[in-house]
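Structural description and commentary
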Amino acid sequence: MSPFWFVLLALLGYGAAYFGYARWYDRAVWRPDAGRTTPAHMYMDGVEYFPVSRYVLWGYQYKSVAALGPILGPYIALQYGWLPALIWIIVGNFFIGWIQDYGSIMVSVRSQGRSFGPISHETMGAGGRNTLLGFVLFYLLIFSAAFIHLVAVFWNEFPATFWATMGVLAAGAITGQLLYRARVSIVVTTGVALVLVALSVVLGVHAPTPADVFGPWTLPFWAAVCCAVLYVASILPLPSFIQPVNYVSFFPAFLAVLAILIGALLSPALGVTLREPAWKAWTTPAAGPIWPMMFVAIACGAISGWHSLVGSSSTSRQLDVETDARPVGAGAMLSEGLLALASLAAFMVLSPREAGGTGNVGAWVDGAVRLTKGYLGGPAAAAALKAYFALTLVIFALTVQALVTRFWRLVSAEVFQGRAAWLGRRHVATLVGLGVPWLFAVTGGWTNLWLYFGGANQLLAGLALMLITIHLVRAGSRTAPTLWPAAFMIVTTLASLLIQAWFFARAILRGRPLVGAGSPLGAPPWHLAAIAVNGAFVAVGLALFALGLRMAVLACRAYVAGRRAAGAAPAAADD
Amino acid sequence: MAGRAGIARALRALRSALHGMAAHGHAAAARRARTSLEHLFLWALFGDMQGLPVPPNPYALLLLPHVAGEVGAWKRRSARERDFTDLLS
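Rules behind the numbers
- Residues numbered from 1 in each chain as written.
- Chains lettered and ligands numbered in written order.
- Predicted model: local features only at pLDDT ≥ 70, side-chain atom pairs only at ≥ 80, totals over all residues.
- Heavy atoms only, no water.
- Helix = DSSP H or I, 4+ residues; strand = E, 2+ residues; numbered from the N terminus.
- Rg over C-alpha atoms; globule rule 2.2 N^0.38 Å.
- Contact = heavy atoms within 4.5 Å.
- Areas by Shrake-Rupley, 256 points an atom, 1.4 Å probe, with all protein chains shown as cover.
- Lys, Arg positive; Asp, Glu negative; His and termini not counted.
- Charge placed at Lys NZ, Arg CZ, Asp CG, Glu CD.
- Buried < 20%, exposed > 50% of the residue type's maximum accessible area, 1.4 Å probe, protein only.
- Phe/Tyr/Trp six-rings, centres within 6.5 Å; stacked < 30°, edge-to-face > 60°.
- Lys NZ or Arg CZ within 6 Å of the ring centre and 35° of its normal.
- Buried area = accessible area lost by both parts, 1.4 Å probe.
- Salt bridge = Lys/Arg side-chain N within 4 Å of Asp/Glu carboxyl O.
- Axes fitted to C-alpha atoms, helices over the stretch in contact; angles between N-to-C directions.
- Parallel < 35°, antiparallel > 145°, perpendicular 65-115°, else oblique.
- Left-handed = near helix turned anticlockwise from the far one by under 90°.
- Nonpolar A, V, L, I, M, F, W, Y, C, P; charged D, E, K, R; others polar.
- Core = buried A, V, L, I, M, F, W, Y, C linked by side-chain atoms within 4.5 Å.
- pLDDT = per-residue confidence, 0-100.
- Disulfide = S-S within 2.5 Å.

**Considerations on the overall build of chain B**
For chain B, the helix and strand inventory stands at two helices and zero strands. For a compact globule of 89 residues, the expected C-alpha radius of gyration is about 12 Å, and chain B comes in at 20 Å, more than 25% above that figure. With the principal axes as the frame, chain B shows a C-alpha extent of 65 × 35 × 15 Å. Long-range pairs, those at least 24 residues apart, make up 51% of the contacts in chain B with a sequence separation of at least 6. Total accessible area on chain B is roughly 5,600 Å²; 65% of this is exposed by carbon and sulfur atoms. For chain B, the distance from the average site of its 12 positive side-chain charges to the average site of its 6 negative ones is 16 Å.

Structural data, given as C-alpha cells:
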C-alpha cells in the first residue's frame, strides 16, 4: 500500500465533510445570512475590524493554525499502529475539528466580534473568565516547554540545522531592515530573502555543529540557546524581528508541506510504500492506554484549542459576510487535517526500526526525504533535503514559539497588576516565561511533554465547543453536533491529564524521575533536581485538571440554565 | 471564454490565499503599530475630547482638520473592552 491512498481517502472524507455535513450543519444550525452586517463592517477601523476576501482570510487562518501539531503529533499515535491514528485524524476532523473552528468564528461574529475572554465572562460569569485565564497561563507554560524541547532536540539531532536556523533569523532581520528602513519593494525584498534562506541551507550543510557537543548536557545547552533567541524575539518590536522572520520562514515551510503532499500523491509511481504495521497495541509503556492518550497525541491534526483562540480573536473581525465562515473556518481546519495525514504518511514509509533508529520524533525528516527524493534529485540530493526538512521543523517550532513567548509577556502584564506588578514587567515576564519552560524542557521527556501539551490544547478545544453550545442553546438552536463532541473531548482530555500527572507522581514515588533519554538528570546527584521538577509537573498537571474541570462544571451549569431559559420552538442561532 | 474567466478567477483566488498565508498577518500587525502611534499622538493633542485633561494647544487647532477623519475610529478603539484573549490578534 502506498501513501497515495491515504491522501485520496482524506480528500474524499474531507470533501464529504465540507460539502455534505458542513453544508447541512450550516443550514440547520447557524443559518448564516450574507445580508447581515458582520463586525468587520459594523466596527470597521482598518486595524482590527475590516472586511477581507474569503481567500485571503482562509490563507491567514490556515497559516495561523498549521504548525508542528499536525506534523509531529502522529509520531506518538503511531505507537498504537497507523490505523487508529488514521481513523482519528479523519473522524476527528469530520465530526469535531472543523465544527470547533467554524463555531468559534461564528460565535464571535454573532457576539459583536468579541473574543473568548468576554464571551466566557458573559456565559459563565467572572469566575469562568478568570478560570480560563488561569488555564491559558498554564497552557502557555506547557506549550513553551514542549516547543523549546523540540528545537533543542532538532539542533542536536540534525547538525546542519543550527547555522541554517541562524541564517534564516539573519535573513529575517535583514528583510525587516530592507522593508521598513530602506523601503525596498516587497518583491525585491522577498527575492533577496529567498536567496538568503537558500544560502542558509547550504551554510548548514557545510558547517554542521558537532553532535552531543556537551555530552549529556547538550540538550540543556541547546534549550538555553533557544531561550536566548526567543528572549530577543520577545522583547524586540514586532516589525524588527518576529514579523520579518515569520515572513521569510513561510516560504520554506510552505514549500516543504507542498513537497510532501506531492510526494505522497506520486508515491505509487516512485515505489514508496508503507512499512509501519497497521496495528501494534492497546497500550504502551511510554504513552499509556490508547484512550485517552492517542486522542490528545495527534493534537492539532484532528482538533485544537489554539484554533478557537485565533478564530475568535482575529479572523472573526475580518469576515466580510457570514457565509464566508464555512470556507474560512471549516476549509482551513480540513486543510490542516490533510497536512496531518501527509505527515502520518511520512512516518509510515519508515519501518519501525528506521523510525526508532533516529531515536525520536525527528524520524519525520527521514520519512519526508524518502517521500520526496524520488522526484527532487534522487539519492544525491538526500543530504540537502534532510537539512531542508529538518530546518523546516525548527522554524515551524521557533516562529510559533516566538509568538507564544510574546503572548505570555503581554498576558503577564495584564494578569500581574497591583501587588505583583513586577512579574508583569517586560524582562521579568519574559525570563519567567522562558525559565520555567526551560526547566521543564530539560527534564521531562518528549512524549510526556507532548502529551501534557496535547491534553491542555484539546481541553481548551472542548471548552470552546462548550462555549459554542451555550451560545446555541441560548439562541434555541440545535446543540447535539457540538455538545457530544464537547463532552467527549472534555472527558478524554481530563483523563489524559490525570494519567500524565500519575506517571510523574509514580516516577517520584519510585525515585526514578521521568527524564529525556540520555539526560544527565537521570543519575545522582542530579536526579534529586529532576524529582523536584517532576513534582512541578504533577502540580501543573493537577492545576490544568482542576481549572479545566471547574470550567467544564461552570459551562455545564450555563448550558442547563440556557436550556431552561430557551423557548420550546427552535430558532436560528442569530441573537 | 468562460473557461478563461474561470482560470483567471482561480489564479486570483490562489494569489489571495498565498497573500493571506504569507503577508496578511504582517500587514495587519504593521497597521496596528502605525495606529498605536497615531492614537498616542491624538491622545497627546486632543485627549480632552475623551476627558483627558490636556493643556490647550494652538497647534492642536491647526491640526484638527487633518485628523478629523481619524477621531471616530480613535474614540471607538479607545472605548472598546479589552481582554487578554484580544492580545492574540
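Having put the structure on the table, let's press on.
**Comments concerning the overall build of chain A**
Secondary structure assignment for chain A yields 20 helices and two strands. Here the C-alpha atoms of chain A give a radius of gyration of 23 Å, agreeing with the 25 Å that 2.2 N^0.38 yields for 575 residues. Overall, chain A is about 70 × 55 × 55 Å in size when its C-alpha atoms are taken along their principal axes. Among the 575 residues that make up chain A, the fraction classed as buried is 62%.

**What to know about the packing of aromatic side chains**
Residues and elements named next belong to chain A. Scanning the model with the defined rule gives 43 aromatic pairs over all chains in all. Both rings, one in Tyr43 and one in Tyr49, keep their centres 5.6 Å apart while their planes meet at 75°; by these two values the pair is edge-to-face. Taken together, a centroid distance of 5.0 Å and an interplanar angle of 70° make the contact between Phe162 and Trp163 edge-to-face. Grouped by ring-pair contacts, the aromatic residues Tyr21, Trp24, Tyr25, Phe94, Phe95, Trp98 and Tyr102 constitute a single cluster. Between Arg326 and the ring centre of Tyr18, over which it is positioned, the NZ or CZ distance is 4.7 Å.

**Observations regarding the interface of chain A and chain B**
Taken residue by residue, the interface counts 46 residues in chain A and 31 residues in chain B. Taking both sides of the interface into account, the surface hidden between chain A and chain B amounts to around 3,200 Å²; carbon and sulfur atoms contribute 68%. Of all residues in chain A, Val47(A), Glu48(A) and Val56(A) bury the most surface against chain B, accounting for 17% of the area lost on that side. Where chain A meets chain B, there are seven salt bridges.

**A short note on the packing of helix α7 (residues 161-180) of chain A against helix α10 (residues 242-270) of chain A**
All names here are of chain A. Taken N-terminus to C-terminus, the directions of α7 and α10 make an angle of 115°; their axes are 8 Å apart at the nearest point. In terms of axis orientation, α7 runs roughly perpendicular to α10. Crossing of α7 against α10: the hand is right-handed. Side by side, α7 and α10 meet where Val168, Leu169, Ala171, Gly172, Ala173, Thr175, Gly176 and Tyr180 of the first sit next to Gln243, Pro244, Val245, Tyr247, Val248 and Ser249 of the second. Taken together, the residues of the contact of α7 with α10 sort by class into nine nonpolar, five polar and no charged.

**Some words on the pattern of salt bridges**
Scanning all chains against the criterion turns up 19 salt bridges over all chains. A salt bridge links Arg77(B) to Asp45(A); the nearest nitrogen and oxygen atoms lie 3.2 Å apart. Taken together, the residues span two chains, with Arg77(B) in helix α2 (residues 58-79) and Asp45(A) in the loop between α2 (39-42) and α3 (54-65). With respect to burial, Arg77(B) and Asp45(A) carry one shared label: buried. Its salt-bridge partner being Asp45(A), residue Arg80(B) comes within 3.5 Å of it at the nearest N-O pair. Here the residue Arg80(B) occupies a position in the segment after α2, and Asp45(A) occupies one in the loop between α2 and α3, the pair thus bridging two chains. Note on Arg80(B): relative accessible area 16%, which makes it buried. Each of the salt bridges in this network shares a partner with another, and the network as a whole consists of Asp45(A), Glu48(A), Arg317(A), Arg77(B), Arg80(B), Arg82(B) and Asp86(B).

**Describing the nonpolar core**
Ranked by size, the top nonpolar core spans 212 residues in total, and within it Leu72(A), Trp98(A) and Phe389(A) carry the most contacts. For this core, the element with the most residues is helix α6 (residues 116-157) of chain A, which contributes 23 residues. Once residues within four sequence positions are removed from consideration, Phe389(A) is found in contact with Ala256(A), Ala259(A), Ile260(A), Trp364(A), Val365(A), Ala368(A), Val369(A) and Thr372(A). In this structure, Leu45(B), Phe46(B), Val67(B) and Val71(B) belong to the second largest nonpolar core, which totals seven residues.

**Some words on the confidence of the model for chain B**
Low pLDDT means the predicted coordinates in that region are not meant to be read closely. Of all residues in chain B, 98% have pLDDT values of 70 or greater, and the mean over the chain is 89. Confidence metrics for the complex model read pTM 0.93 and ipTM 0.91.

**Some details on the environment of Phe84(B)**
Within the secondary structure layout, Phe84(B) lies in the segment after α2. Overall, Phe84(B) belongs to the buried group, its relative accessible area being 0%. Leave out the neighbours within four places in its chain, and Phe84(B) touches Arg129(A), Leu132(A), Leu133(A), Val136(A), Phe407(A), Val411(A) and Glu414(A).

**Examining the environment of Asp366(A)**
Note that Asp366(A) resides in helix α15 (residues 363-372). For the pair Asp366(A) and Glu354(A), spaced twelve residues apart in sequence, the C-alpha to C-alpha distance is 8.6 Å.

**Concerning the packing of α7(A) against helix α8 (residues 186-206) of chain A**
Residues and elements named next belong to chain A. Remark: α7 packs on α8, axes separated minimally by 8 Å, with the N-to-C direction vectors making an angle of 165°. Viewed along their axes, α7 and α8 adopt a mutual orientation that is roughly antiparallel. Crossing handedness for the pair α7 and α8: right-handed. In this structure, α7 uses Trp163, Ala164, Gly167, Val168, Ala171, Ile174, Thr175, Leu178 and Leu179 to contact α8, whose residues at the interface are Ile186, Thr189, Val192, Ala193, Leu196, Val197, Ser200, Val201, Leu203 and Gly204. Here the contact of α7 with α8 is composed, by residue class, of 14 nonpolar, five polar and no charged.

**Regarding the state of the cysteines**
Residue and element names in this part refer to chain A. Following the criterion strictly, the structure yields zero disulfides over all chains and no others. Cys227 provides the cysteine sulfur closest to Cys226, a residue in no disulfide bond, and the two sulfurs are 5.6 Å apart. Of the residues examined, Cys226 reaches a relative accessible area of 1% and is grouped as buried.

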